[in-house]
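Geometric and topological summary
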Amino acid sequence: MLRIALLFVIVGHGLIHLMGVAKAFEWATLAQLTKAITRPAGMVWGLAALLFLVAAFLLLRHDDRWWFLALPAVLLSQVLVWTQWQDARWGTLANVLILFAGVAGASVWNFRSEYRTSVRSALERSTGPTGSLITEKDLAPLPLPVQRFLRKAGVLGTVRPRSMRVSFKGDIRAEGGPWMPFTTVQVNTFHPPARYFWMDATMKGMPTKGLHAYGDGTASMRVMLLGLIPVVDVSGSELDQAETVTWFNDLCLLAPGALLDPRVTWSAVDDHAATARFAHKGITISARLVFDDRDRLVDFISDDRYIVSPPELPMKRTFRTPASAHRFIQGRLLPGHGETVWEMPEGPFTYGRFTLMDISYDP
């Protein structure tokens, strides 16, 4: 909604500048502009209009570089307003609004650049097995329900992935708060473990950006309202462990071929479940994987994840991700929908709902 309103302001403000062009070249008689405008000045009015309209076009296309043109346009426009202050002073209000939005846009662009830079670095450092296809021999040491799951998932005959890029849409909430819609894009690498998760959300009608970063065994989480106002900025050992669980959860649900990793150790539970353990950078986590009668992974349960939500102290709680709506994507049978659930003393609390939009391996 705010983006549409901003589009109307920029387009309308840009079109108004064409009045200066018409006045300068005598294309129309405009009583609203009482002072004369020279033709060179008229060309400047036209340049300001062009910059505003192209910025609006980029904003319409969700190009986060729109502010590159909007901010110079605001500067140019305000100089022109000063030369025609008596007639054009109200243009200052539009310039202030666009200036604020442009500064917010620049902040978002800079914030997202951190995500992009981190992803490039993680992909450059990504290593791991290449070339060899997954065979029945690779599955043989695993518990029987895990073997059946991997066959069903379609990993036989594929190469173990070294990384993946995933996009979701869904909604998220804090305890006691309303659901907030979001879209996300994330990149995970498996050797070494890394996860960079970018979120575009709406909080109380205001655009909100979030970045979860996990690499070298350490994690951080930042959320910015309008790209300018910090809402969340946390790090620490509890978050490091929480994000290790999250990274492993992604691997189990979305990159089953990567489970054939010597760092993952297994123990059987029963015919429909197995426990997996993973250790990295001094952190050891475990999870119980639950499979249905059709050998699909339908739940991931770990007691090693913390709720990290300042100003509250971190709390370790049972974490679950029930999965459903399985379908074949990129040749693998993956869940199309998932939820993130905390098992609280008063009962289960679902805080996230995710619909898988796209996935690619080794981008």
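Scroll up a little and you will see the structure.
Residues numbered from 1 in each chain as written. Predicted model: local features only at pLDDT ≥ 70, side-chain atom pairs only at ≥ 80, totals over all residues. Heavy atoms only, no water.

Brief notes about the nonpolar core
A general trend in soluble globular proteins is that nonpolar side chains are found buried together. With 61 residues, the main nonpolar core has Leu150, Phe248, Trp266 and Leu289 as its most contacted residues. The element that contributes the greatest number of residues to this core is helix H8 (residues 237–254), accounting for 8 residues. Not counting residues up to four positions away in its chain, the partners in contact with phenylalanine 248 are Leu259, Val264, Ala276, Phe278, Ile285 and Phe300. (Core = buried A, V, L, I, M, F, W, Y, C linked by side-chain atoms within 4.5 Å. Buried < 20%, exposed > 50% of the residue type's maximum accessible area, 1.4 Å probe, protein only. Helix = DSSP H or I, 4+ residues; strand = E, 2+ residues; numbered from the N terminus. Contact = heavy atoms within 4.5 Å.)

Let's talk about the side chain of asparagine 249
Position of asparagine 249 relative to the elements: it lies in helix H8. Owing to a relative accessible area of 5%, asparagine 249 belongs among the buried residues under this scheme. In this structure the side chain of asparagine 249 is engaged in a polar contact, spanning 2.7 Å, whose partner is the side chain of threonine 321. In contact with asparagine 249, other than residues within four places in its own chain, are Phe300, Phe319 and Thr321. (Polar contact = N/O pair within 3.5 Å; in protein donor to acceptor, adjacent residues only side chain to side chain.)

Overview of the pairing of strand S1 (residues 163–172)
Counting buried residues in S1 gives 7 out of 10 residues, a clear majority hidden from the surface. Pairing of S1 with strand S2 (residues 180–190), which is carried by 10 bridges, proceeds in the antiparallel orientation. Each residue of the ladder has a partner; that of phenylalanine 168, found in S2, is threonine 184. Sheet analysis places S1 next to strand S14 (residues 347–361), joined by 9 bridges and oriented antiparallel. Looking across to S14, one finds that aspartate 171 is bridged to arginine 353. (Pairing = 2+ DSSP bridges.)

Notes on a nonpolar patch on the surface
Taken together, Leu99, Phe100, Val103, Leu228 and Ile229 make up a surface patch of nonpolar side chains, about 420 Å² in accessible area. The greatest single-element share of the nonpolar patch, amounting to 3 residues, is contributed by helix H5 (residues 91–125). Its location among the elements puts phenylalanine 100 in helix H5. (Patch = residues over 30% accessible without salt bridge, like charges linked within 9 Å, V, L, I, M, F, W, Y side chains within 5 Å. Areas by Shrake-Rupley, 256 points an atom, 1.4 Å probe, with all protein chains shown as cover. Salt bridge = Lys/Arg side-chain N within 4 Å of Asp/Glu carboxyl O.)

Concerning the pattern of salt bridges
One pass over the full model with this rule turns up 17 salt bridges. Between aspartate 295 and arginine 148 there is a salt bridge, with its nearest N and O atoms 3.1 Å apart. Of the two residues, aspartate 295 is situated in the loop between strand S9 (283–291) and strand S10 (297–307) and arginine 148 in helix H7 (residues 144–153); the sequence distance between them amounts to 147 residues. A salt bridge links glutamate 243 to arginine 195; its shortest N-O distance comes to 3.3 Å.

Description of the environment of tryptophan 67
Of note, tryptophan 67 is situated in helix H3 (residues 67–83). With 42 residues separating them in the primary sequence, tryptophan 67 and tryptophan 109 have C-alpha atoms 9.1 Å apart. The residues contacting tryptophan 67, other than those within four sequence positions of it, are Pro72, Gly102, Gly105, Ala106 and Trp109.

Structural notes on the packing of aromatic side chains
Under the counting rule described, the total for this entry stands at 15 aromatic pairs. Ring geometry for phenylalanine 248 and phenylalanine 300: centres 6.2 Å apart, planes at 55°, overall tilted. Placement of the pair is phenylalanine 248 in helix H8 and phenylalanine 300 in strand S10, with a sequence separation of 52 residues. Of the two residues, phenylalanine 248 and phenylalanine 300, both sit in the buried class. These aromatic residues form a ring-pair network of at least three members: Phe190, Trp247, Phe248, Phe278 and Phe300. Lying across the ring of phenylalanine 319, arginine 305 places its NZ or CZ 4.3 Å from the centre. Above the plane of the ring of tryptophan 179 lies arginine 353, whose end atom (NZ or CZ) is 3.7 Å from the centre. (Phe/Tyr/Trp six-rings, centres within 6.5 Å; stacked < 30°, edge-to-face > 60°. Lys NZ or Arg CZ within 6 Å of the ring centre and 35° of its normal.)

As for the packing of helix H1 (residues 2–24) against H5
Orientation of H1 relative to H5, taken along the N-to-C sense of each, is 135°, at an axis distance of 10 Å. For the element pair H1 / H5, the angle class is oblique. In terms of crossing hand, the pair formed by H1 and H5 is left-handed. Residue-level contacts link Leu6, Val9, Ile10 and His13 of H1 to Gly91, Ala94, Asn95, Ile98 and Ala101 of H5. Per-class residue counts for the contact of H1 with H5 are 6 nonpolar, 3 polar and no charged. (Axes fitted to C-alpha atoms, helices over the stretch in contact; angles between N-to-C directions. Parallel < 35°, antiparallel > 145°, perpendicular 65-115°, else oblique. Left-handed = near helix turned anticlockwise from the far one by under 90°. Nonpolar A, V, L, I, M, F, W, Y, C, P; charged D, E, K, R; others polar.)

A closer look at the side chain of aspartate 292
With respect to the helices, strands and loops of the structure, aspartate 292 is situated in the loop between S9 and S10. One polar contact links aspartate 292 to arginine 296, side chain to side chain, over a distance of 2.9 Å. Setting aside residues up to four positions removed in sequence, aspartate 292 forms contacts with His272 and Val298.

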